[in-house]
2 protein chains.
Amino acid sequence: MSDKVAILGAGLVGSAWAIVFARAGRNVSLFDGEAAQCEQALTRVAENMRELVGFGLIDDAEAALARISIAGSLAEALEGADYAQESVFERADVKTEFYKEIDKVAPADLVIGSSSSGIPASVFTEGLTCAPRCLIAHPINPPYVIPLVEVVPTPWTGDAAVQTCWDFMLEVGMEPVRLTREVDGFIANRLQAALLWEAFRLLEAGIATAEDIDKTISEGLGRRWTFIGPFQTIDLNAPGGLEDYAARLGAGFFEFVKQGEPAEPWSDAVIAKAHGEMRDKLPLKDQPARQAWRDKRLMALAKHFQEVGE
Amino acid sequence: MSDKVAILGAGLVGSAWAIVFARAGRNVSLFDGEAAQCEQALTRVAENMRELVGFGLIDDAEAALARISIAGSLAEALEGADYAQESVFERADVKTEFYKEIDKVAPADLVIGSSSSGIPASVFTEGLTCAPRCLIAHPINPPYVIPLVEVVPTPWTGDAAVQTCWDFMLEVGMEPVRLTREVDGFIANRLQAALLWEAFRLLEAGIATAEDIDKTISEGLGRRWTFIGPFQTIDLNAPGGLEDYAARLGAGFFEFVKQGEPAEPWSDAVIAKAHGEMRDKLPLKDQPARQAWRDKRLMALAKHFQEVGE
């Protein structure tokens, strides 16, 4: 592959990707329909890189920053690039229009991964020349400290494009997972939705406070899940492995799930209850500071993982 | 409170509790119906304490070990104790018989927390003199590196007993969460069941491998969940907080949940698929080594949390 990567859309997600790619030694060409976004992105990238230096998560921030440049046009951004990461505003019509523009100027072998967190790429790539080289590459923000990326082909994405995206993500230090086909919400948000649904139900039933339900994960289950997933967790929790665990606890777990049917949308009352509890602890004006705290905790955790290795 | 705490049942869970209590400076009296279990427990405790020393998670292992003694009888274990942690075999009839024995010899002010992970305490304490002082104190094993403990009163547990258990758990460095009433599976296993259900469904539908579904948590969502829970996660992910997040994504998340109805028990085929994938990576003969690896990772993570603080 060439050294050049294009970032299309320079908002929060695009600028976080710029850090991942530049940190891994790629030359990053940044394009946004609004030129001012690119300038802001560079400022944000420089700030975030300073924090990463503090945690020992980037070797030479200055050199990495120097590898990021602003492109004057979409064509300029894509010229000579063999991978582009698209992170424009997540609305089907916005993406559809933007991909038509991409299609006009994209090099013949360019692979384009979209950061879309919910809209499958088939919605906005159908019929385009570049369609066989388009797919989803969905990160959990910010990708420079959370390694997961969901790689999701459309029905018309070629195997070669999937492989290119997969290899590229590995090369820049991400941990790709591969979906065999499109499914609403991909994997991450489906799993998140399943967990949140039960969390809201317990809150609505008055079983515990939102804080205590949160702690059940953060002080409990999450301690394992942050380095082994849910399958491996249960596989290690029965002498005969996963099959043994399922035989012992599967029926009981099924009862818990059945008790939640039929699922109901989160009620306004339970949303207000959870939101109110959040606000008691964290006024909205303090949200930016808390987000910064979260991102620093993620950096410390990323460094911890780097140190303990496998 | 007195310095003395009783551990009733000296299996894996009981011996792990012994470490928590002795590390926090309590004198621990260990009782098990099978005397040999207590000797084995002491050996296991000494081993685990050596590992904790290696991670800087215990100051004086020798002194802590010296605080643990074996009681010759249930009465001896309970004499002068004001808290007992019961961790006998998890079967309703076994617990019921054991609590009858406890009731005969328990001091009048003894509070008894059960490590039961699924059977509510009302099942095995009804009608006993000590019943108002019995409740669930459910850990995620091993409690010396995972702080969560679910405190669950029965309909007849007194508020004073709940408070005693709560305060005690805080004093020994645990993070208690309080359920207002008994519910099947408490919180942790209900949340775990909800997540696993969707994970098995995705595997059964052929969307991804068990390894990639696992990674979606361990390399993705779990990175946040290990220090902020699911509610706080979404509260920080929308400018207007949780309410704003629910307005944006609640309807979409509801669709994912509805798509999974009606829930079906895990099929033999999907269990075999997940189990087979686990065995390809980890033959059962290597399970003990992998469990030891997991516990060391948990120690490293516990130390990391101790260092980064809040």
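Predicted, not measured: the structure shown is a model, and the values here were computed from it.

Caption draft 1: Main features of the overall build of chain A. The helix and strand inventory of chain A stands at 13 helices and eight strands. For a compact globule of 310 residues, the expected C-alpha radius of gyration is about 19 Å, and chain A comes in at 21 Å, within 12% of that figure. In terms of overall dimensions, chain A has C-alpha extents of about 55 × 45 × 40 Å along its principal axes. Looking at chain A residue by residue over its 310 residues, the buried ones come to 52%. Across chain A, the fraction of contacts at a sequence separation of at least 24, relative to all contacts at a separation of at least 6, is 66%.

Caption draft 2: A look at the relation of the copies chain B and chain A. The transform that puts chain B on chain A rotates by 180° and translates by 0.0 Å along the axis, for an RMSD of 0.0 Å. Within this description, the copies of the chain are treated as partners about a two-fold rotation axis. A symmetric contact is evident, with 100% of the interface residues of chain B recurring at the interface of chain A.

Caption draft 3: Up close: the sheet that holds strand β2 (residues 27–31) of chain B. Ordered by their spatial adjacency, eight strands build an open sheet running β3-β2-β1-β4-β5-β6-β7-β8 (chain B), and the pairing between neighbours is mixed. Whereas interior strands pair on both sides, the edge strands pair on one side only; in this sheet they are β3 (68–70) and β8 (175–178) of chain B. Pairwise comparison of adjacent strand axes, ignoring direction, gives a mean angle of 25° for this sheet. Here helix α9 (residues 210–225) of chain A sits on the sheet and contacts β7 (148–153) and β8 of chain B; the angle it forms with β8 of chain B, its principal contact strand, is near 150°.

Caption draft 4: Quick peek at the interface of chain B and chain A. Taken together, the 88 residues of chain B in the interface contact 89 residues of chain A. Listed by contribution, the elements that provide at least two residues to the side of chain B that touches chain A are β8, α8 (188–204), α9 (210–225), α10 (230–235), α11 (242–258), α12 (268–281) and α13 (287–308) of chain B. By residue number, the principal contributor to the side of chain B that touches chain A is α9 of chain B, which donates 14 residues.

Caption draft 5: View of the pairing of strand β5 (residues 111–114) of chain A. Residue and element names in this part refer to chain A. Of the two faces of β5, the one holding Val-111 and Gly-113 and the one holding Ile-112 and Ser-114 are both buried throughout. Two strands pair when backbone bridges link them, and strand β4 (residues 83–86) and β5 are joined in this way by four bridges, in the parallel orientation. Following the sheet pairing, Tyr-83 is matched in β5 by Val-111. Chirality of the crossover, the property in question, places the unit of β4, helix α5 (residues 92–105) and β5 among those that are right-handed. With three bridges connecting them, β5 and strand β6 (residues 134–139) associate as parallel partners. Its bridge partner being in β6, Ile-112 is matched across the sheet by Cys-134.

Caption draft 6: Up close: unusual backbone geometry. All names here are of chain A. Of note, the bond from Asn-141 into Pro-142 is cis; its omega dihedral lies within 30 degrees of zero at -10°. A cis amide bond links Glu-261 with the next residue in sequence, Pro-262, at an omega value of -10°. Take Pro-262: it is sitting in the loop between α11 (242–259) and α12 (268–281). Backbone geometry at Phe-186 places phi at a positive 55°, although glycine is not the residue there. Considering the arrangement of structural elements, one finds Phe-186 in the loop between β8 (175–178) and α8 (188–204). For Phe-186, a count of 25 C-beta atoms within 10 Å gives the class buried.

Caption draft 7: Examining the environment of Gly-252 of chain B more closely. For Gly-252 of chain B, the location among the structural elements is in helix α11. Setting aside chain neighbours within four positions, we find Gly-252 of chain B in contact with Gly-118 and Gly-185 of chain A.

Caption draft 8: Here's a closer look at the packing of α9 of chain A against α8 of chain B. In contact at an axis separation of 10 Å, α9 of chain A and α8 of chain B are set at 80° when each is read in the N-to-C sense. The angle between the axes of α9 of chain A and α8 of chain B places the two elements in the roughly perpendicular class. Residues Thr-216, Ile-217, Gly-220 and Leu-221 of chain A of α9 of chain A touch α8 of chain B, and the partners they reach there are Ala-188, Leu-191 and Gln-192 of chain B. Split into classes, the residues belonging to the contact of α9 of chain A with α8 of chain B amount to four nonpolar, three polar and no charged.

Caption draft 9: Molecular detail of the packing of helix α1 (residues 12–23) of chain A against helix α2 (residues 35–54) of chain A. All names here are of chain A. One can describe the packing of α1 onto α2 by two numbers: an axis separation of 9 Å at closest approach and a directional angle of 50°. Taken together, the axes of α1 and α2 are oblique relative to one another. Between α1 and α2 the crossing geometry is right-handed. Across from Gly-14, Ser-15, Ala-18 and Ile-19 in α1, the residues of α2 making contact are Ala-41, Arg-44, Val-45, Asn-48 and Met-49. Here the residues of the contact of α1 with α2 sort into five nonpolar, three polar and one charged.

Caption draft 10: Summary view of the environment of Glu-277 of chain A. Residues and elements named next belong to chain A. By secondary structure assignment, the location of Glu-277 is in helix α12. When the 20 C-beta atoms within 10 Å are taken as the criterion, Glu-277 is described as buried. For the pair Glu-277 and Asp-184, spaced 93 residues apart in sequence, the C-alpha to C-alpha distance is 30 Å. Excluding residues within four positions of it along the chain, Glu-277 makes contact with Thr-209, Ala-210 and Glu-211.

Caption draft 11: Local environment of the nonpolar core. Counting 202 residues, the largest nonpolar core has Ala-18, Leu-30 and Ile-187 of chain A together with Ala-18, Leu-30 and Ile-187 of chain B as the members making the most contacts within it. Setting aside residues up to four positions removed in sequence, Leu-30 of chain A forms contacts with Ile-7, Ala-10, Ala-18, Cys-38, Ala-41, Ile-68, Ser-69, Ile-70 and Ala-71 of chain A.

Caption draft 12: Expanded view of the domain arrangement of chain A. All names here are of chain A. Here chain A is partitioned into domain 1 (4–178) and domain 2 (188–308). The centre of domain 1, based on its C-alpha atoms, is set 29 Å off from the matching centre of domain 2. If you look at the interface, domain 1 gives 13 residues, while domain 2 gives nine residues. Taken together, the residues that form the side of domain 1 that touches domain 2 break down as eight nonpolar, three polar and two charged.

Caption draft 13: Up close: the pairing of strand β2 (residues 27–31) of chain A. Residue and element names in this part refer to chain A. Extensive coverage of β2 is indicated by the burial of four of its five residues. As judged from the five bridges shared by strand β1 (residues 4–8) and β2, these two strands associate in the parallel manner. Opposite Ala-6, over in β2, you have Ser-29 as the bridge partner. With three bridges connecting them, β2 and strand β3 (residues 68–70) associate as parallel partners. Looking across to β3, one finds that Val-28 is bridged to Ile-68.

Caption draft 14: Geometry of helix α7 (residues 159–171) of chain A. All names here are of chain A. With 13 residues, α7 should reach 18 Å at 1.5 Å per residue; the first-to-last C-alpha distance of 18 Å fits that figure. Check the buried side of α7 and you find it contacts β4, β5, β6, β7 (148–153) and β8. Positive backbone phi, approximately 90°, marks Gly-173, located one or two places after α7.

Each value, and the rule that gives it
- Every chain is numbered on its own, with residues counted from 1 as its sequence reads.
- The naming scheme follows written order: chains are lettered A onward, ligands numbered 1 onward.
- In keeping with the model being predicted, local features are shown solely for residues with a pLDDT of at least 70 and side-chain atom pairs are shown and tallied solely at 80 or more, while totals for entire chains, interfaces and linings include all residues.
- Helix numbers and strand numbers start at the N terminus; a helix is a DSSP run of H or I with at least 4 residues, a strand a run of E with at least 2.
- For this measure, only C-alpha atoms enter the radius of gyration; the expected value for a globule follows 2.2 Å times N^0.38, where N is the number of residues.
- Partly exposed residues are those whose C-beta has more than 12 but fewer than 20 other C-beta atoms within 10 Å; with 20 or more the residue is buried, with 12 or fewer it is exposed, and the C-beta atoms are placed from the backbone.
- A residue pair is marked as a contact if its C-beta atoms, positioned from the backbone, fall within 7 Å.
- The copies were overlaid by least squares, fitting only the C-alpha atoms of residues that reach a pLDDT of 70 or more in each copy.
- Strands were regarded as paired on the criterion that DSSP finds at least two bridges between them.
- For helices, the fitted line uses only the C-alpha atoms of the stretch in contact; every axis is such a line through C-alpha atoms, and the angle between N-to-C directions lies from 0 to 180 degrees.
- Viewed with both strands pointing away, a crossover whose connecting path from the first strand over the helix to the second turns clockwise is right-handed.
- Relative orientations are named as follows: roughly parallel for angles under 35 degrees, roughly antiparallel for angles over 145 degrees, roughly perpendicular for angles from 65 to 115 degrees, and oblique for any other angle.
- Residue polarity follows a fixed list, in which Ala, Val, Leu, Ile, Met, Phe, Trp, Tyr, Cys and Pro are nonpolar, Asp, Glu, Lys and Arg are charged, and the others, Gly among them, are polar.
- Left-handed describes a crossing whose near helix is turned anticlockwise from the far helix by less than a right angle; the clockwise case is right-handed.
- By convention the nonpolar core is taken to be a set of buried residues drawn from Ala, Val, Leu, Ile, Met, Phe, Trp, Tyr and Cys and joined through C-beta atoms within 7 Å.
- Domain ranges listed in this record stem from an automatic or a database domain assignment.
- Here the expected length of a helix is defined as 1.5 Å per residue gap, with one fewer gap than residues.

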